[in-house]
Amino acid sequence: MMHFGHANALRQARAMGDYLVVGVHSDVEVEKNKGPCVMKEDERYAAVAACKWVDEVVKDAPYVTTLEILDEYNIDFVVHGDDITTAADGTDCYQIVKDAGRYQECKRTVGISTTELVGRMLLLTRDHHIRGSRAVKSSIQGVDEAAIASFSQGSKPVGALTGIAHYLSTSKKIIQFSSGGEPKPGDRVVYVDGAFDLFHTGHIEFFKRARELGDYLLVGVHDDQTVNAIKGGNFPVMNLQERVLGALQCRYVDEVIIGAPYSVTKDVLEDVYHVDVVVHGASDRPIDIDGRDPYELPKQLGIYREVEHPCLGLTTTAIIERIIANRHVYIERQARKAKKALAEAEAEQREKEVKAACHI
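None of these values were measured; they are calculated from a predicted model.

Asker: When you look at the overall build of the protein in this model, what are you seeing that I'm missing?
Answerer: Each helix and strand in the protein was counted, giving 15 helices and nine strands. Taken over 360 residues, the protein has a buried fraction of 50%. Considering only contacts within the protein whose residues lie at least 6 apart along the sequence, 76% involve residues at least 24 apart. As displayed, the protein has an accessible area near 17,500 Å², and 51% of this comes from carbon and sulfur atoms.

Here it is, written out as structure tokens:
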């Protein structure tokens with residue numbers, strides 16, 4: 001699953017050079033070396049390609065990075081987070097390029113991972129919401145709560161975490177993700193809004209087509225309480241800060257309104273920028289808490305448009321349903337990952353000791 005933690009690594013990697021090539025593994029490679037995929041390979045290829053710091057995507061990249069693949073794509077060096085990733089046989093996926101002196105590290109984004117997000121879906125917790133309520137117990141029928149409890153410890157070795165992680169965003173991180181561009185005189189400003197939870201290719205295709213109706217795309221992201229009041233359950237799976245970063249990393253997005261109202265108001269249309277077009281998906285007919293049409297005003301003004309795209313069937317709910325339907329597979333995956341994480345932590349510690357010894 002492509003999330004803003006991956007995007008942050010890509011941002012850092014792009015800053016280290018002039019052209020960023022990103023290798024994305026196939027489903028077969030991921031399942032062999034890591035476990036079941038949440039997003040299908042074509043969805044992951046598209047998600048990475050839509051990140052604004054990515055220049056080129058290499059599909060079906062080998063899980064263990066070789067010098068041959070680097071030379072084939074004229075790559076000078078590889079960038080990865082400051083944690084060790086191992087293949088199915090326990091070897092370091094980047095040992096070959098490390099030994100060749102063609103490896104650099106970026107800082108891993110703490111508090112977010114695919115395992116963490118899968119855990120939120122299986123545990124049905126709401127304690128990741130900003131100013132949210134207390135966690136609720138899982139109500140997934142036929143699931144042993146003890147079996148999924150390890151998800152609350154994230155992807156770190158047992159004991160490293162004591163509960164569901166909370167990503168703490170900062171103004172610096174939002175600035176780093178923001179394009180900083182303003183609409184130019186005469187530009188046509190397009191406004192879209194939504195939860196944009198578990199940012200996926202459905203959102204990307206929607207943004208792409210909305211952006212084609214103008215020159216500047218303004219995205220309103222609803223706060224956690226609003227999304228939860230409308231959708232119920234433990235929605236949103238990602239909190240407001242996380243969802244804002246997910247939207248900002250997309251190459252089609254120019255600016256974001258953080259905590260936008262569910263119903264489009266005059267303030268939204270005039271106070272940030274003068275909005276020329278309000279766009280919504282053709283398959284969705286939302287209503288506000290009071291039962292009113294949230295797009296009543298732009299419809300009255302004649303600036304409302306609907307768009308269709310090829311990924312209408314891919315929704316946040318559909319992704320959650322994938323997880324629930326294959327919950328036992330993910331529980332088994334987490335058990336394997338816990339053992340693998342211990343081995344990786346030990347290897348990481350040995351590597352640090354070797355580096356420290358070299359500086360003595």
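Asker: Would you explain helix H3 (residues 41–49) in this entry?
Answerer: For an α-helix, the turn length of 3.6 residues means that residues three or four places apart are oriented alike. Listed in full, the buried residues belonging to H3 are Glu-43, Arg-44, Tyr-45, Ala-47 and Val-48. Tucked into the core, H3 has its buried residues touching strand E1 (21–24), helix H2 (27–33), strand E2 (56–59), helix H9 (201–211) and helix H14 (316–325).

Asker: I'm lost on helix H6 (residues 114–123) in this one. Help?
Answerer: Of all 10 residues in H6, 10 are buried; the element is thus mostly enclosed. Three or more residues of H6 are buried, namely Thr-114, Thr-115, Glu-116, Leu-117, Val-118, Gly-119, Arg-120, Met-121, Leu-122 and Leu-123.

Asker: Would you mind going over the sheet that holds strand E8 (residues 277–281) with me for this structure?
Answerer: The strands making up a sheet associate through backbone hydrogen bonding, with each pair oriented either parallel or antiparallel. A sheet is described by the order of its strands in space; here five strands give the open sequence E7-E6-E5-E8-E9, paired in parallel fashion. Here the strands that pair on one side only, and so sit at the sheet edges, are strand E7 (255–258) and strand E9 (304–307). Adjacent strand axes in the sheet meet at a mean angle of 30° when their direction is disregarded. Of the pairings in the sheet, the one linking E8 to E9 comprises four bridges and is parallel in character.

Asker: Explain the confidence of the model for the protein to me, please; I cannot follow it from the model alone.
Answerer: Keep in mind that low pLDDT regions are not for reading the predicted coordinates in detail. Taken residue by residue, the protein gives an average pLDDT of 86. The fraction at 70 or more is 83%. This model gives residues 132–148 a pLDDT under 50, and the stretch forms 33 contacts once residues within four places in sequence are excluded. A low-confidence stretch, residues 151–164 (pLDDT under 50), is modelled with 34 contacts involving residues beyond four sequence positions or located in other chains.

Asker: Can you walk me through the packing of aromatic side chains in this structure?
Answerer: Geometrically, a pair of aromatic rings is defined through the distance of the ring centres and the angle of the planes. Throughout the structure, instances matching the rule amount to seven aromatic pairs. Ring centres of Tyr-295 and Tyr-304 lie 5.4 Å apart, and the angle between their planes is 40°; on these two criteria the pair is classed as tilted. The same class applies to Tyr-295 as to Tyr-304, namely buried. A network of ring pairs unites the aromatic residues Phe-196, Phe-199, Phe-206 and Phe-207 as a single cluster. Above the plane of the ring of Tyr-103 lies Lys-98, whose end atom (NZ or CZ) is 5.0 Å from the centre.

Asker: Help me understand the nonpolar core, please; the structure alone is not making it clear to me.
Answerer: One broad rule of soluble globular proteins: the nonpolar side chains tend to lie buried together. Ranked by internal contacts, the top residues of the largest apolar core, which has 57 residues, are Val-192, Leu-198, Phe-207 and Val-219. Top element by residues in this core is helix H11 (residues 240–248). It accounts for five residues. When sequence neighbours within four positions are dropped, the list of residues in contact with Leu-198 reads Met-1, Leu-117, Met-121, His-203, Val-237, Met-238, Thr-316, Ile-319 and Ile-320. Val-189, Leu-218, Ile-257 and Ile-303 belong to the second largest nonpolar core, which has 15 residues in total.

Asker: Would you mind showing me how to read the side chain of His-200 here?
Answerer: Summarising the element assignment, His-200 is placed in the loop between strand E5 (189–194) and H9. On the basis of relative accessibility, which here comes to 2%, the residue His-200 falls in the buried class. Excluding residues within four positions of it along the chain, His-200 makes contact with Met-39, Leu-314, Thr-315, Thr-316 and Ile-319.

Asker: Could you clarify how one ought to interpret the environment of Leu-117 in this entry?
Answerer: Tracing the backbone shows Leu-117 in helix H6. Residues Leu-117 and Leu-198, spaced 81 residues apart in sequence, show a C-alpha to C-alpha distance of 8.4 Å. The contact partners of Leu-117, leaving out residues within four places of it in the chain, are Met-1, His-3, Ile-112, Leu-198, Val-237 and Met-238.

Asker: Sorry, what's going on with the environment of Pro-183 here?
Answerer: Summarising the element assignment, Pro-183 is placed in the loop between helix H8 (171–177) and E5. With 91 residues separating them in the primary sequence, Pro-183 and His-274 have C-alpha atoms 9.8 Å apart. Non-local contacts of Pro-183, meaning those with residues more than four positions away in its chain, are made with Val-189, Tyr-216 and Tyr-273.

Asker: In this structure, what is going on with unusual backbone geometry? I would like to understand it.
Answerer: Of all residues except glycine, most have a negative phi; of all peptide bonds, most are trans. That bond from Phe-235 to Pro-236 is cis: its omega, -5°, falls within 30 degrees of zero. Checked against the element boundaries, Pro-236 lands in the loop between helix H10 (224–231) and H11. Unlike most non-glycine residues, Phe-196 shows phi in positive territory, near 50°. Here Phe-196 lies in the loop between E5 and H9. Overall, Phe-196 belongs to the buried group, its relative accessible area being 6%. Even without glycine at this site, Leu-198 takes up a positive phi of about 50°. Position of Leu-198 relative to the elements: it lies in the loop between E5 and H9. A relative accessible area of 2% places Leu-198 in the buried class.

Reading the values: the criteria
Residues numbered from 1 in each chain as written. Predicted model: local features only at pLDDT ≥ 70, side-chain atom pairs only at ≥ 80, totals over all residues. Heavy atoms only, no water. Helix = DSSP H or I, 4+ residues; strand = E, 2+ residues; numbered from the N terminus. Buried < 20%, exposed > 50% of the residue type's maximum accessible area, 1.4 Å probe, protein only. Contact = heavy atoms within 4.5 Å. Areas by Shrake-Rupley, 256 points an atom, 1.4 Å probe, with all protein chains shown as cover. Pairing = 2+ DSSP bridges. Axes fitted to C-alpha atoms, helices over the stretch in contact; angles between N-to-C directions. pLDDT = per-residue confidence, 0-100. Phe/Tyr/Trp six-rings, centres within 6.5 Å; stacked < 30°, edge-to-face > 60°. Lys NZ or Arg CZ within 6 Å of the ring centre and 35° of its normal. Core = buried A, V, L, I, M, F, W, Y, C linked by side-chain atoms within 4.5 Å.

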